[in-house]
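What follows is each chain in one-letter form.
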Amino acid sequence: MTLQQEIVGTAMQMAVVSLQPGQTVYCEAGKFLFKTANVTMETRLSGPSGGGGQPQAGAGGAGGPGGGMGGMLRQAMGTAMQVGQRALAGESLAFQYFTSTGGEGTVGFAGVLPGEMRALELDGTRAWFAEKDAFVAAESTVEFGIAFQGGRTGRSGGEGFVLEKFTGRGTVIIAGAGNFIDLNPADFGGRVDVDTGCVVAFEEGIRYGVQRVGGLNRQGVMNAVFGGEGLSLATLEGNGRVILQSLTIESLANALRKAQGGDKQGPTGGLFSTNAG
């Protein structure tokens, strides 16, 4: 059953979802806005699969439907693993589930920063990866997971170490900051280099990495210190869909600090900045 949704607004968009009777959508805690009275809300630690897979009948030799104590233990361990991964990634520990009862229901969701939202349709053949906190809501047929990039790549890129991963079939709604641009690296010679904070999401098959801005020479130091991009850029290679955002959380935070007079920055872009007392 396709998720009926409409993305409304401009500067800070919202997703208004219409649920059919018995249909369920879940979101990360803190992304819910409103619902109609006939939509039930439940908060759970487990993902839509029930936490590492539902226990199978007779499994573990514990006897009885559902695998008895063995099945319950495996389910609890699966849930604990999911929660542990989300905690390491800095994600919300719980999900909120919304199910329509007694007719069609409506639920509203939003991101946490001024910007756009996008509904991605998964057909089961390709996963999608997204930056931390991009996830807003999804059908219960979409699995939410955490993908850890290689330690070397993640440490040098900052934002690139932990990604959200969506698999299965159905609709997933993501949000980002500023405006979105869709592109395919294959249309630009097979690779694009972007600010690490500008990556919102990309399809499975796109190779994501992080590289240093220039070498350890004069120009490399100039790029890192005065260029405003830091020491690294994200690289996206291959043939597939990529979504970038025009505003990064770091640039927004810097703008707010400057507006409040709490950060005196020089030409180095904050490298030698001092806080006003």
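Residues numbered from 1 in each chain as written. Predicted model: local features only at pLDDT ≥ 70, side-chain atom pairs only at ≥ 80, totals over all residues. Heavy atoms only, no water.

Below, the discussion takes up the overall build of the protein. What the protein contains, in helices and strands, is four helices and 18 strands. A buried classification covers 43% of the 277 residues belonging to the protein. Sequence separation of 24 or more characterises 77% of the internal contacts of the protein that already satisfy a separation of 6 or more. As displayed, the protein offers around 13800 Å² of accessible surface, 56% of which is attributable to carbon and sulfur atoms. (Helix = DSSP H or I, 4+ residues; strand = E, 2+ residues; numbered from the N terminus. Buried < 20%, exposed > 50% of the residue type's maximum accessible area, 1.4 Å probe, protein only. Contact = heavy atoms within 4.5 Å. Areas by Shrake-Rupley, 256 points an atom, 1.4 Å probe, with all protein chains shown as cover.)

Right, let's talk about the pairing of strand S8 (residues 117-123) for a bit. S8 sits mainly inside the fold: five of its seven residues count as buried. Bridge count between S8 and strand S12 (residues 162-175): seven bridges; the pairing is antiparallel. When the bridges of S12 are listed, Met117 appears paired with Ala175. (Pairing = 2+ DSSP bridges.)

The next thing to look at is the sheet that holds strand S17 (residues 232-237). Overall, antiparallel pairing links the three strands, which are arranged S14-S17-S16 in an open sheet. Every other strand in the sheet has two partners, leaving strand S14 (191-194) and strand S16 (207-212) as the edge strands with one partner each. With strand direction ignored, the average angle separating the axes of adjacent strands in the sheet is 25°. Here S16 runs beside S17; their pairing, made up of six bridges, is antiparallel. What sits directly across from Arg212, in S17, is Ser232. (Axes fitted to C-alpha atoms, helices over the stretch in contact; angles between N-to-C directions.)

What follows concerns the confidence of the model for the protein. Residues of the protein with pLDDT of at least 70 account for 67%, and the chain-wide mean is 79. Of the regions scoring below 50 in pLDDT, residues 150-160 engages in 16 contacts with residues more than four places distant in sequence or in other chains. In this model, residues 267-274 is a region of pLDDT below 50 whose contacts with residues beyond four sequence positions or in other chains number eleven contacts. (pLDDT = per-residue confidence, 0-100.)

Here we take up the side chain of Gln13. On the secondary structure map, Gln13 appears in the loop between strand S1 (4-8) and strand S2 (14-19). Engagement of the side chain of Gln13 in a polar contact is seen with the backbone oxygen of Gly9, the distance being 3.3 Å. Looking at Gln13, its side chain comes within polar contact range of the main-chain nitrogen of Met117, at 2.8 Å. Each residue touching Gln13, except ones within four places of it in the same chain, is listed here: Ile7, Val8, Ala110, Gly115, Glu116 and Met117. (Polar contact = N/O pair within 3.5 Å; in protein donor to acceptor, adjacent residues only side chain to side chain.)

For the rest of this paragraph, the subject is the pattern of salt bridges. The tally for this structure, following the rule as stated, stands at seven salt bridges. In this structure, the salt-bridge partner of Asp182 is Arg241, at a minimum N-O distance of 3.1 Å. Taken together, the residues span a long stretch of sequence, with Asp182 in strand S13 (residues 180-183) and Arg241 in the loop between S17 and strand S18 (242-245) at a distance of 59 residues. Salt bridges linked by common partners bring Glu116, Arg118, Asp182 and Arg241 together as one network. (Salt bridge = Lys/Arg side-chain N within 4 Å of Asp/Glu carboxyl O.)

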